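# Structural description and commentary
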Amino acid sequence: MQNTSTATVPITSDAVRARLTDCGDAVFCDVALTAAFGGKLTAAFIDGMVSSQIVNDFILKPLSEKRVFAQAFNERELLDLAMNGEVYHGQRKMCGDLETAMEQLLSGALVLIFDGEQAAIAYDSKGYEKRSVSEPTNENVLKGSKESFGEAMRVNTSLVRRRIQTDALKMRTITLGRRTHTSITLVYLDGVANPDTVTRVEERLGSLDVDGIVSTGQIELQLQETRRTIFPLVLYTERVDKFCGNILEGRIGIITDGLPVAYITPNDLHSFLQAPEDYSHNKIISTALRILRYFCSFASLILPAFYVSITTFHQEMIPTKLAVSIIASKQGVPFPTYMEVLLMLLAFEVLLEAGTRLPQSIGQAVSIVGALVVGQAAITANMLSPGVVIVIAAAGITGFVIPSQDFSNTVRLCRIALVLLSTLGGLFMTSIGLIFLLYHMCTLDNFGTPYLSPFVASEGRQMFNDTIVRRSWLMLDERPENIRPADKKRKG
Amino acid sequence: MRKLRFAVAILLVCATLSGCSGEPLLPMMNEIDDFDIIQVLGIDRSAESPDEVEVTIIAGKGAGGGGESAGTERMLEIESATAPTVIGALSNLNLYSDRRHHLGYTDFLLIGESAAADDISKYTDYFTRYHETRYSTRVFIIRGTSAHDFLKSTVSDAHFVADALGNFDETVRRVGNTGIVSVIDMINMLDAPDSATVLPALKTRDVDDTMIIGGEMPEKDFAPAGYAVLRDFKLAGYFEPEYSLGYNALTGKMHTAPLNVKDPDGFMTGVIVMSDSLNLTPVWDGDKLKSVTIESVLSANVGEQHGRNDIYHDAPLAELCDTISADVKSRMEKAVERARELGVDSLDLAERIRTKNPVKWKRIEGNWRELFAQLPINVKVTTCIRRPYDLREPNGFKPQQAADKAKTAKEKHNG
């Protein structure tokens, strides 16, 4: 409604002032001209969002000092001169309506208003403060690039463009958010990414109708075709090299203005178990590390439930010496095993959450106190048995091996569910839980990519093509089939 | 589909949580510390009422815990009960216990001599049938006493017989004069009508020269006592420990065995003998079994040498090999003789001959016991020394003297 009504409103300085009433950061600057007809222009911009050097030296100065502007006979002539290069600024745009002018103004442009002509020219003069390119904080590597995405979208796109210097790298920008007008850029490699997927991603993002894009969850949710799942379907990264690697594979990247992470889609389960360093190490070492990650993910998921099962239902499975040791350590502990495990899991989650929210220095103190209280004091006071503490600690540590925090969170939640199932029927119910998880994962699909592919739904093709086994760069001659790339062949 | 999933979930919850049914669908939960782990179980014929079975167990009590009591030694309690059946005796034991006895961990089943002499199947059927016990449980016959007395005299707080038996289980492969038989092996032997059931035997021994510092030594210790041979489910006799190595060599159960032999100079030499291969060849004359030849190929390592001569040349080594072969052959022949004395095929010949010639076996199986008593059994042993472990000459070695001796030995060997 707003667009329809304002489109008919003529662009005048008064109209713009009226729209920016009570906006203390809006600056209106009258530019007095020496032209014979005595005209006056208004320059409007948002303080803090424009570069004062660009505004003063390259826009206002030529308007005041250049003779051609003094010799102009009317505003129409001034408008033509300003539009045709007499102002030293390359990025200019004629605004045909008030809404366009307002959008440009609010995104960091200086808008030069010609009241007489009811027109305006927007000069892109963004100069707001932004964080410089810094090291990744969550995805550190020993070998590899140290550049990470920041909040400024154009900086982020330039980081990508610098790495992939081809005209096939396309960046489609769309604006989302009724109130925030947040810019979102779809990055893909033309001729490599599946065009149908690109269209679907763009359509899904375009259909997002919200007041503003202020958190990662909004974009993430919109990029999930299946929403009834706790498994992450969209991969995010703060690493530019990882982002570019995925773009080269044929995936689609999404960079959002104001968010220091970029999204990658479509993905399979394996994407969440890959680490950035996998491609920096020797292939055998990387393969061993990937196997370790798969093993640890499973161990983290199953260990507490397995412990409850074998100590309360299937005691015969425990070797004699271990059984004797467990019995000895459980003497005097008042809680049943499943309660001990659930309490420990709860304590672990609480410690984790407390450590995440607190400042780093206090967070470490919480970890130490937690370890002492939960680990030592609880055992000494016979509140918990050492076996349970060891099992939960092992489950926690193995969970930290998972590179994706989203996937790690899923595993943490699922293991609690499995513990509850194991208390009902031991390994029988645990197996039912695992089968259900497997079934659920089999049903997941995002933008045509089955979640468990290439292990399922690929008839065995590419099962060992850069999945659990990291093949040599020289042997990587096919792009992942499950994302249906336009160009299946690749080199390295 | 969604409704179906919902219905299945509801059914599952109802089935698992329902308290209406007397028999729960899901297995019952039992905390592991509600159990007493029974690692050793003894079975005897009851002394008071010979028709009854006496079961003896060792249960751990008041074990350490994680708190103040962490690390304390557990107390052991020897309990026994009698009943007409094993299952009845075990139930009686549970009646008087504060925790449920768990037989899933029973590693050792000790059968008293009186039970073995009565009818072993009566005492072991429970273990071959009931689901809680394991087929891998080791079986021993207690020689000369009852399992109850054996356990009572060999257990103390500082000496847990299960640990000692566990260690025995691991070292038995290196000893050569005894062996390991599990419940499943025993079932197979009991099921073979033409062969004897041969089970390793244990006996108590005095511990006058043994002490445990910081703990109480039990009244007695135990030692291997050869093999017990059961004919028609009853104890027929024993392979004495000195025949046991021969028995092991004849039946392919010898892995390694220490042997003391004299080297060509008459000095004692300690060798470790290993069985490389064992071949049984029945010699047939039509449908009649004429004889059986058992060929054993051994390899030996010289672990100790008391002599001061360099014996690591072809001729002295060949002589040493012959000595080892002769020693082992003699033991094997003694074992054959002992088997004949016991009047039953305790060397598992029947099964091996049947496997080699199943058709011909059909014609002799009816009178195998009589045939075995007179069957010529030829034993051949070949030995090869693989390693002397130390390539240098022994202490006090004299080169010239050694050269002369080697020359003489070579001439003697060549004839």
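Owing to the predicted nature of the structure, the values given are computational and were not obtained by experimental measurement.

## Quick notes on the overall build of chain B
- Per the secondary structure count, chain B includes 13 helices and 14 strands.
- When burial is assessed residue by residue, chain B has 46% of its 415 residues classed as buried.
- A separation of at least 24 residues holds for 69% of the contacts in chain B among residues at least 6 apart in sequence.

## With respect to the interface of chain A and chain B
- Contact with chain A, which involves 31 residues of that partner, is made by 30 residues of chain B.
- Roughly 2,500 Å² is buried in total at the junction of chain A and chain B, and carbon and sulfur atoms are behind 62% of that figure.
- The interface formed by chain A and chain B holds 1 salt bridge in total.
- With a closest N to O distance of 3.7 Å, Lys330 of chain A and Glu31 of chain B form a salt bridge.

## Considerations on the packing of helix 11 (residues 283-312) of chain A against helix 15 (residues 386-400) of chain A
All names here are of chain A.
- At a minimum axis separation of 7 Å, helix 11 and helix 15 run at an interaxial angle of 160°. Regarding the angle of helix 11 to helix 15, the classification is roughly antiparallel. Between helix 11 and helix 15 lies a crossing whose hand is left-handed. Taken together, the residues of helix 15 that come into contact with helix 11 (itself represented by Cys296, Ala299, Ser300, Leu303, Pro304 and Tyr307) are Gly387, Val388, Val391, Ile392, Ala394, Ala395, Thr398 and Gly399.
- The residue makeup of the contact of helix 11 with helix 15, split by class, is 10 nonpolar, 4 polar and no charged.

## What about the domain arrangement of chain B?
Residues and elements named next belong to chain B.
- Per the domain assignment, the segments making up chain B are domain 1 (34-62 + 73-239) and domain 2 (257-415).
- The centre of domain 1, based on its C-alpha atoms, is set 34 Å off from the matching centre of domain 2.
- Between domain 1 and domain 2, the residue contacts involve 15 residues of the former and 17 residues of the latter.
- Together domain 1 and domain 2 conceal approximately 1,100 Å² of surface at their shared face, both sides included; 54% is due to carbon and sulfur atoms.
- Applying the counting rule to domain 1 against domain 2 returns 1 salt bridge.
- Between Asp232 and Arg369 there is a salt bridge, with the nearest N and O atoms lying 3.3 Å from each other.

## Quick word on the nonpolar core
- Counting residues in each nonpolar core, the largest one holds 60 residues, and the members touching the most others are Val160, Phe231, Phe243, Ile255, Val341, Phe407 and Tyr451 of chain A.
- Residues lining this core come from more than one domain, with at least three contributed by each of domain 2 (153-265) and domain 3 (282-449) of chain A.
- What Phe231 of chain A contacts, discounting residues up to four positions off in sequence, is Gln224, Phe407, Thr410, Cys414, Leu437, His440, Met441, Leu444 and Tyr451 of chain A.
- In terms of nonpolar packing, the next biggest core, distinct from the first, is built from 47 residues, Leu289, Leu320, Ile364 and Val381 of chain B among them.

## A few points about helix 9 (residues 314-342) of chain B
- The terminal C-alpha atoms of helix 9 of chain B, which comprises 29 residues, lie 42 Å apart, in line with the 42 Å expected from a rise of 1.5 Å per residue.
- Looking one or two residues beyond helix 9 of chain B, the residue adopting positive phi is Gly343 of chain B, at roughly 75°.

## Quick notes on the state of the cysteines
All names here are of chain A.
- For the structure on display, the rule yields 0 disulfides over all chains.
- Cys95 provides the cysteine sulfur closest to Cys29, a residue in no disulfide bond, and the two sulfurs are 17 Å apart.
- Judged by its relative accessible area of 25%, Cys29 is partly exposed.

## Some points on the packing of aromatic side chains
- Applying the stated criterion to the full structure yields 17 aromatic pairs over all chains.
- Their ring planes at 85° and their centres at 5.3 Å tell us that Phe149 of chain A and Phe243 of chain A sit as a pair that is edge-to-face. One end of the pair, Phe149 of chain A, is in the loop between strand 5 (119-124) and helix 7 (153-163); the other, Phe243 of chain A, is in helix 10 (residues 240-249), with 94 residues separating them in the sequence. With respect to class, Phe149 of chain A is no different from Phe243 of chain A; both count as buried.
- Members of the aromatic cluster, joined through ring pairs, are Phe108, Phe140, Phe150, Phe168 and Phe222 of chain B.
- When the ring centre of Tyr279 of chain A is taken as reference, the NZ or CZ atom of Arg290 of chain A above it lies at 5.5 Å.

About the cut-offs
- Residues numbered from 1 in each chain as written.
- Chains lettered and ligands numbered in written order.
- Predicted model: local features only at pLDDT ≥ 70, side-chain atom pairs only at ≥ 80, totals over all residues.
- Heavy atoms only, no water.
- Helix = DSSP H or I, 4+ residues; strand = E, 2+ residues; numbered from the N terminus.
- Buried < 20%, exposed > 50% of the residue type's maximum accessible area, 1.4 Å probe, protein only.
- Contact = heavy atoms within 4.5 Å.
- Buried area = accessible area lost by both parts, 1.4 Å probe.
- Salt bridge = Lys/Arg side-chain N within 4 Å of Asp/Glu carboxyl O.
- Axes fitted to C-alpha atoms, helices over the stretch in contact; angles between N-to-C directions.
- Parallel < 35°, antiparallel > 145°, perpendicular 65-115°, else oblique.
- Left-handed = near helix turned anticlockwise from the far one by under 90°.
- Nonpolar A, V, L, I, M, F, W, Y, C, P; charged D, E, K, R; others polar.
- Domains from an automatic or database assignment.
- Core = buried A, V, L, I, M, F, W, Y, C linked by side-chain atoms within 4.5 Å.
- Expected span 1.5 Å × (residues − 1).
- Disulfide = S-S within 2.5 Å.
- Phe/Tyr/Trp six-rings, centres within 6.5 Å; stacked < 30°, edge-to-face > 60°.
- Lys NZ or Arg CZ within 6 Å of the ring centre and 35° of its normal.

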